[in-house]
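Residues per chain are reported as follows:
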Amino acid sequence: MRGALLALLLAAPRVHAQQPDATAIQIAAGRQRAAVCFACHNANGISQIPGTPSLAGQDRSYLENALRDYRGGQDRKNPVMNAMAQPLSDQDIANIAAYFSSLPRSGERQPR
């Protein structure tokens, strides 16, 4: 009994280490779902359009709340953003926020 428990405990870290990181999966899904956002906010999250905010490195919960507010159309009114956020699910919003918040504010890639 003790031997089986010990073997299970020793194997557990290896099993866990082989699991994909949930945050990495969410960021990857967010990058894919945010592709339409790149026209204005760029893939690196640094906008080149005057009046369009850069999203790179923004607080994740701020981005999630902003997208939900745009989706609802009551608290944030912007015809373009309201239309862009309308079809987003809660999971889409979480993934997109994870992606943009993971980017460095300078637009340069950080070593990983």
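The structure we're discussing is the one just above.
Everything in this summary refers to the structure shown in the same document. Please read all numbers here as calculations on a predicted model, not as lab measurements.

**Regarding the overall build of the chain**
Thought 1: Helices and strands together make up the secondary structure of the chain, namely six helices and zero strands.
Thought 2: N-terminal to C-terminal, the α/β element order of the chain is α-α-α-α-α-α.
Thought 3: Buried residues in the chain amount to 29% of all 112 residues.
Thought 4: Summing over all exposed atoms, the chain offers an accessible surface of approximately 7700 Å²; the carbon and sulfur share of this is 57%.

**A look at the nonpolar core**
Thought 1: One finds Ala34, Leu88, Ile96, Tyr99 and Phe100 to be the most contacted residues of the largest nonpolar core, which totals 20 residues.
Thought 2: Those elements giving two or more residues to this core turn out to be helix H4 (60-72) and helix H6 (90-102).
Thought 3: Element by element, the count of residues in this core is highest for H6, at six residues.
Thought 4: With residues up to four places along the chain from it excluded, the contact list for Ala34 reads Ile96, Tyr99 and Phe100.

**Structural notes on the environment of Ile46**
Thought 1: Looking at the element boundaries, Ile46 is found in the loop between helix H3 (38-41) and H4.
Thought 2: With a relative accessible area of 15%, Ile46 lands in the buried category.

**Description of unusual backbone geometry**
Thought 1: The backbone of Asn42 shows a phi angle near 65°, a positive value even though the residue is not glycine.
Thought 2: Exposure remark for Asn42: the relative accessible area of 24% places this residue in the partly exposed category.

**Regarding the packing of aromatic side chains**
Thought 1: Following the criterion strictly, the structure yields three aromatic pairs and no others.
Thought 2: A centroid spacing of 6.0 Å and a plane angle of 45° characterise the contact between Phe38 and Tyr99, whose relative ring orientation is tilted. On the criterion of sequence distance, the pair formed by Phe38 in helix H3 and Tyr99 in helix H6 is long-range, its members being 61 residues apart. You'll find Phe38 and Tyr99 in the same group, each marked buried.
Thought 3: Linked through ring pairs, Phe38, Tyr99 and Phe100 together constitute an aromatic cluster.

Criteria and cut-off values
Residues numbered from 1 in each chain as written. Predicted model: local features only at pLDDT ≥ 70, side-chain atom pairs only at ≥ 80, totals over all residues. Heavy atoms only, no water. Helix = DSSP H or I, 4+ residues; strand = E, 2+ residues; numbered from the N terminus. Buried < 20%, exposed > 50% of the residue type's maximum accessible area, 1.4 Å probe, protein only. Areas by Shrake-Rupley, 256 points an atom, 1.4 Å probe, with all protein chains shown as cover. Core = buried A, V, L, I, M, F, W, Y, C linked by side-chain atoms within 4.5 Å. Contact = heavy atoms within 4.5 Å. Phe/Tyr/Trp six-rings, centres within 6.5 Å; stacked < 30°, edge-to-face > 60°.

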